[in-house]
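Descriptive analysis of the structure
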Amino acid sequence: MLDARTVLQMNEVRLSDYRPPDWLVPTVALDVRLDVDRTLVTSRLTVTRNGDHRRPLRLDGQDLETRRILVDGAPVEAVPNGEELVLAIPGDSAVVEIEVAIAPRTNTRLMGLYGSDDLLVTQCEAEGFRRITWFPDRPDVLSLYTVRLEGDAAQFPILLSNGDRGAAETLDGGRHAVTWTDPWPKPSYLFAMVGGQLAALRDEFVTMNGRRVELAIWTAAADVGRCSHAMAALKASMDWDERIYGREYDLDQFNIVAVSDFNAGAMENKGLNVFNSKYILADSETATDADFDAVAGVVAHEYFHNWTGNRVTCRDWFQLSLKEGLTVFRDQQFSADQGSAAVRRIDDVRALRAVQFPEDAGPHAHPIRPDHYVEIGNFYTATVYNKGAEVIRMLHTLLGRDGFRRGTDLYFERHDGQAVTCEDWVAAMEAATGRNLTQFRRWYDQAGTPTVTVHMARAGRQLTVNLAQSLAATPGQPSKAMMHMPFRLALIGRDSGRRIGDERLVELTAGETRLVFEDLDEPVLLSLNRGFSAPVKVVAPASRADLAFLAGADDDPFARWEAMQRLSLDVLATDDDPHELVDAIAATLADGAAGRLDPAFVGEAVLLPTEAFIGDQASVVDVESIHRRREAARAAIAAVLEPQWWQAWHWHSGTGTALNAGAKGARRLANVALAYLVTAGSAEALAAARQQYDGAATMTDRIGALSALINTDTPERDACLADFYDRFAGNGDVIDKWFTVQALSTRADTLEQVQVLLRHKDFTLHNPNRLRALVGAFAANQRRFHAADGSGYRLLADQLLAVDRINPQSAARLAVPLGRWQRFDAGRGALMQAQLQRIAGTAGVSKDVMEMATRALA
Ligand code: ARG
Ligand code: ZN
């Protein structure tokens, strides 16, 4: 018997094994007869030999019933060998025709063609096309597609695929067909088709060269009214990409379809984006301000992929960050341009630290360009996406806006229509700017979050600053080389409170960098890694008084927020009285009240770091102490500043439904204030929460009030929770919030409540959003998930194993929290490992889950 690890190694795909494809497929013609139980797919591939070799044509397939294979019109007797079909082709080209049957109804993996509500829809990235037909399912095989979709006209009145809509046919027996032609060569992962009863919100966009593009967002008829925010974001994205990157849309149509069951956020299929409905549907009744921003961000992301991903695509899946890191950077830039750039940057950093830093510090650490995988679905990670975006941002910082733009122009000019590598990207940046990025390339190879340790020494009017970089070992990478990082810093006068001199952009390349500042007239403090210019941890000694000073004086919004975070972490790491923190929050609120800070920033700055983030700072996460200290600090901040919280709430609540930065900021601050008021615990606060809940004009205010109440044991809590369910029953995206808010409660009965919710009639393992809303959210509830008796771990493992039989990709994601066992005390660590072992030892577990569990145990 082979052990699990050996089996995994045998299935490992390595970057160093990359070979160009033996056969190319210039054209693909698909004829699809849609049927929920049995869809027939006939493909007609022209194949041409690539290079001088005699190797056969190898095609990928999964869960296909193969009915017929013809090569140049002649039937061949080839039999698939598992997930591979090998065809001997005598000449240098041939026409291969294959007919298969597939079963969308039983496709619970949501890869390939599957059913969602009454629709049939596809997801092909990364390796889903092989579940539709036999094909060389790899991103460096680019083809021109013609797709004829046929189906029952009543059941599938709308038939969509990539490219431009062509001839429609009316057929006997109530059937019809539509043919779509995509004029742009694309890899199979960008293929899409959709059939079903859909209504559209329509609009149009005229491109910079006068091309009139028909835009449509397709959804159930009842939801069309909730698509306008997404449509506005789409048009803004099209305009922005023209202005900022000179990129124009290249088809006459752009279609988006929103579906309820979707593994990821959305998918950039050429001309036919398919979205998780939670990133399309939004109105003020049902979507929070954060949801509205997420809709705009994801719409922009998928649209931007048309150039960064589709026109220029990836050679192989190790290059995933080529398109994802770059496209996340582009969507972040776009969102920052839509208003409140400082708050957007803080949110981006918050997300990076919450998900990517722990990944980089744990057993699943990998470089943004991994060099081996077993299941590529496991590498759609915060590292590839969010750290990948930080790497692109560093290039932007190093090269400057104009240099970066010359680099992207050259990249598109050189590689349009090609499947390329991260190396091609960096090379274009070098060629366009003359910069040497040799050392910078290490960001693509080395995993882990670097640390920059800062020391300063003052002698008279001179200040010496020493910056030392280090990078700890990660799995498979015992020793590391020095990184090239852009590090922005400035001096802030300790008396004047003003910046002294200009901000400096220092390029750290050596182990230690020494900076000398002369002629200083007053004591100074360092404002470090301004704008979070490098995705690193900064260790710098600073007293609480100095941090409080910076929290009120730093002229870089990120650094100012960061000073407050550092002060909070410092206080929360002890049992000290939190008066320094209380005073700093009071000062921030006063700056806000005096109009010196905008409410959105104040709402960010006065939030304490999460329990998880506090835990990340220590070598061993002390679950109970972290919770106890943070709650004690919250109680003190709530009690001492109660009048200020009332003032903030009165000023900023009831802002209405406007979506401008001012209104969003006001709602944010009002809800933070309300949470503190409820923590202080007066009867008036509970009444205010109830009043806000009942009178809420927006989901932001309604869920804000419910969240403020959720940790309490009060009739108000129970009444609002019950009302919320009744009010929104049937709206899946909103009911997800109802599950999440309960899973995140700090109450002692939360685990029990989650058990009850797992049996709720609206809970299902089949819908990834619902699974994440309940089980995923619970695993993020540090205090309750990490119950000392291991009951939280058992609950997670039970659900993971149950989902694995339905949807391995969803299941594998649930292994991540257990993989952090080394960070907890021995008792918890052993209980977490025991669940990982149980998972890895379960017969028939998917390779997705096996890879995650085995790596977590290594
Ligand atoms: N490319 C998609 C995006 O825009 C995500 C695809 C997700 N695929 C997966 N196997 N998880 O980010
Ligand atoms: Zn993407």
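Residues numbered from 1 in each chain as written. Chains lettered and ligands numbered in written order. Predicted model: local features only at pLDDT ≥ 70, side-chain atom pairs only at ≥ 80, totals over all residues.

1. Some points on the overall build of the protein chain
For the protein chain, the count of helices and strands is 27 helices and 30 strands. Here the protein chain has a C-alpha radius of gyration of 28 Å; the compact-globule value for 858 residues is 29 Å, and the two agree. The proportion of buried residues among the 858 residues of the protein chain is 52%. In the protein chain, the proportion of contacts linking residues at least 24 apart, taken out of those at least 6 apart, comes to 69%. (Helix = DSSP H or I, 4+ residues; strand = E, 2+ residues; numbered from the N terminus. Rg over C-alpha atoms; globule rule 2.2 N^0.38 Å. Buried ≥ 20, exposed ≤ 12 C-beta atoms within 10 Å, placed from the backbone. Contact = placed C-beta atoms within 7 Å.)

2. Let's talk about the UniProt feature "domain: Aminopeptidase N-like N-terminal" (unreviewed entry) in the protein chain
The UniProt entry lists residues 76-190 under the feature "domain: Aminopeptidase N-like N-terminal" (unreviewed entry), expressed in the numbering used here. Within the segment residues 76-190, helix and strand shares are 0% and 50% respectively, and the terminal C-alpha atoms sit 29 Å apart. (UniProt positions renumbered as here; feature names shortened; annotations may be inferred.)

3. Notes on unusual backbone geometry
The phi torsion of most residues other than glycine is negative, and most of the peptide bonds are trans. A cis amide bond, omega 0°, links Glu-125 with the succeeding residue Ala-126. In this fold, Ala-126 is placed in the loop between β10 (119-123) and β11 (143-152). Despite not being glycine, Asp-63 has its phi angle at roughly 55°, a positive value. You can call Asp-63 partly exposed: it has 16 C-beta atoms within 10 Å. For Phe-532, which is not a glycine, the phi torsion comes out positive at approximately 55°.

4. Points about helix α16 (residues 661-680)
Between its first and last C-alpha atoms α16 spans 29 Å; for 20 residues at 1.5 Å apiece the expected length is 28 Å, and the two agree. Once α16 finishes, Gly-681 follows within two positions and takes phi at roughly 90°, a positive value. (Expected span 1.5 Å × (residues − 1).)

5. Section: the sheet that holds strand β12 (residues 158-161)
Here we have 4 strands laid out as an open sheet, ordered β9-β10-β15-β12, and antiparallel in their pairing. Of all the strands in the sheet, just β9 (112-116) and β12 have a single pairing partner and so form its edges. Strand-to-strand twist in this sheet, taken as the mean axis angle between neighbours without regard to direction, amounts to 15°. Pairing between β12 and strand β15 (residues 193-196): 4 bridges, direction antiparallel. If you follow Ile-158 over to β15, its bridge partner there is Gly-196. (Pairing = 2+ DSSP bridges. Axes fitted to C-alpha atoms, helices over the stretch in contact; angles between N-to-C directions.)

6. Focus on the site of ligand 1
Surveying the vicinity of ligand 1 reveals the residues Glu-125, Ala-126, Asn-263, Ala-264, Ala-266, Met-267, Glu-268, His-301, Glu-302, Glu-324, Gly-377 and Tyr-380. If you list the elements that add at least two residues to the shell around ligand 1, you get β19 (266-267) and α3 (289-304). Of the residues that constitute the shell around ligand 1, the class distribution is 5 nonpolar, 3 polar and 4 charged. (Near = placed C-beta within 6 Å. Nonpolar A, V, L, I, M, F, W, Y, C, P; charged D, E, K, R; others polar.)

7. Section: the sheet that holds strand β6 (residues 74-75)
Reading across the sheet, the 8 strands line up as β6-β5-β8-β3-β2-β11-β14-β13 and stay open at both edges, with mixed pairing between neighbours. Sheet topology places β6 and β13 (164-171) at the edges, where each strand pairs with a single neighbour. Sheet topology note: the β11/strand β14 (residues 175-186) ladder contains 9 bridges and is antiparallel. Across the sheet, the residue bridging to Tyr-145 is Asp-182, located in β14.

8. Regarding the pairing of strand β25 (residues 462-470)
Here β25 shows a buried face lined by Leu-463, Val-465, Leu-467 and Gln-469 and an unburied face lined by Gln-462, Thr-464, Asn-466, Ala-468 and Ser-470. Pairing between strand β24 (residues 451-459) and β25: 9 bridges, direction antiparallel. Bridge pairing in β25 links Thr-453 to Ala-468. Linking two consecutive strands that pair antiparallel, namely β24 and β25, is a turn of 2 residues; a positive phi of about 60° is found at Gly-460 within it. Alignment of β25 against strand β28 (residues 512-517), held across 6 bridges, turns out to be antiparallel.

9. Comments concerning the UniProt feature "domain: Peptidase M1 membrane alanine aminopeptidase" (unreviewed entry) in the protein chain
Here, the residues flagged by UniProt with the feature "domain: Peptidase M1 membrane alanine aminopeptidase" (unreviewed entry) are residues 230-443. The distance separating the terminal C-alpha atoms of residues 230-443 is 34 Å; by composition the span is 55% helix and 9% strand.

10. Remarks on the pairing of strand β2 (residues 23-33)
Judged from the 9 bridges that link them, β2 and strand β3 (residues 39-49) form a sheet pairing that is antiparallel. Note that in β3 the partner of Val-28 across the bridge is Leu-45. Two strands pair when backbone bridges link them, and β2 and β11 are joined in this way by 7 bridges, in the parallel orientation. Directly across from Asp-31, in β11, lies its bridge partner Arg-148.

11. Notes on helix α11 (residues 579-593)
Relative to the 21 Å expected for 15 residues at 1.5 Å per residue, α11 spans 21 Å between its end C-alpha atoms, a close match to the ideal helical length. Where α11 is buried, its residues contact α9 (544-553), α10 (557-572), α12 (599-605), α14 (623-640) and α15 (642-652). Positive backbone phi, approximately 80°, marks Gly-595, located one or two places after α11.

12. Overview of the nonpolar core
Val-257, Leu-674, Leu-677 and Ala-815 are the most contacted members of the largest nonpolar core, which totals 248 residues. By residue number, the principal contributor to this core is helix α6 (residues 382-415), which donates 12 residues. Dropping the residues within four chain positions of it, Val-257 is found in contact with Val-121, Leu-160, Val-194, Leu-198, Trp-218, Val-274 and Phe-275. (Core = buried A, V, L, I, M, F, W, Y, C linked by C-beta atoms within 7 Å.)

13. Digging into the packing of α10 against α11
Put simply, α10 and α11 touch, their axes get as near as 9 Å, and they point 155° apart. What the angle tells us is that α10 and α11 run roughly antiparallel. As for how α10 packs across α11, the hand of that crossing is left-handed. Taking contact as the criterion, the partners of Met-564, Leu-567, Ser-568 and Val-571 in α10 are, on α11, Glu-580, Leu-581 and Ala-584. Among the residues making up the contact of α10 with α11, the classes are represented as 5 nonpolar, 1 polar and 1 charged. (Parallel < 35°, antiparallel > 145°, perpendicular 65-115°, else oblique. Left-handed = near helix turned anticlockwise from the far one by under 90°.)

14. Quick word on the environment of Ala-264
Positionally, Ala-264 belongs in the loop between β18 (253-259) and β19. For Ala-264 and Leu-110, which are 154 residues apart along the polypeptide, the C-alpha to C-alpha distance reads 9.9 Å.

15. Description of the confidence of the model for the protein chain
When the pLDDT values of the protein chain are averaged, the result is 97; 100% of them are 70 or greater. Taken over the whole predicted complex, pTM reads 0.99, whereas the ipTM for its chain interfaces reads 0.98. (pLDDT = per-residue confidence, 0-100.)

16. Here we look at the environment of Val-76
Mapped onto the fold, Val-76 is located in the loop between β6 and β7 (84-87). Since 15 C-beta atoms lie within 10 Å of it, Val-76 is described here as partly exposed. Between the C-alpha atoms of Val-76 and Tyr-444, which are 368 residues apart in sequence, the distance is 45 Å. Beyond its immediate chain neighbours, meaning those up to four positions away, Val-76 contacts Ile-69, Leu-70, Val-71 and Leu-87.

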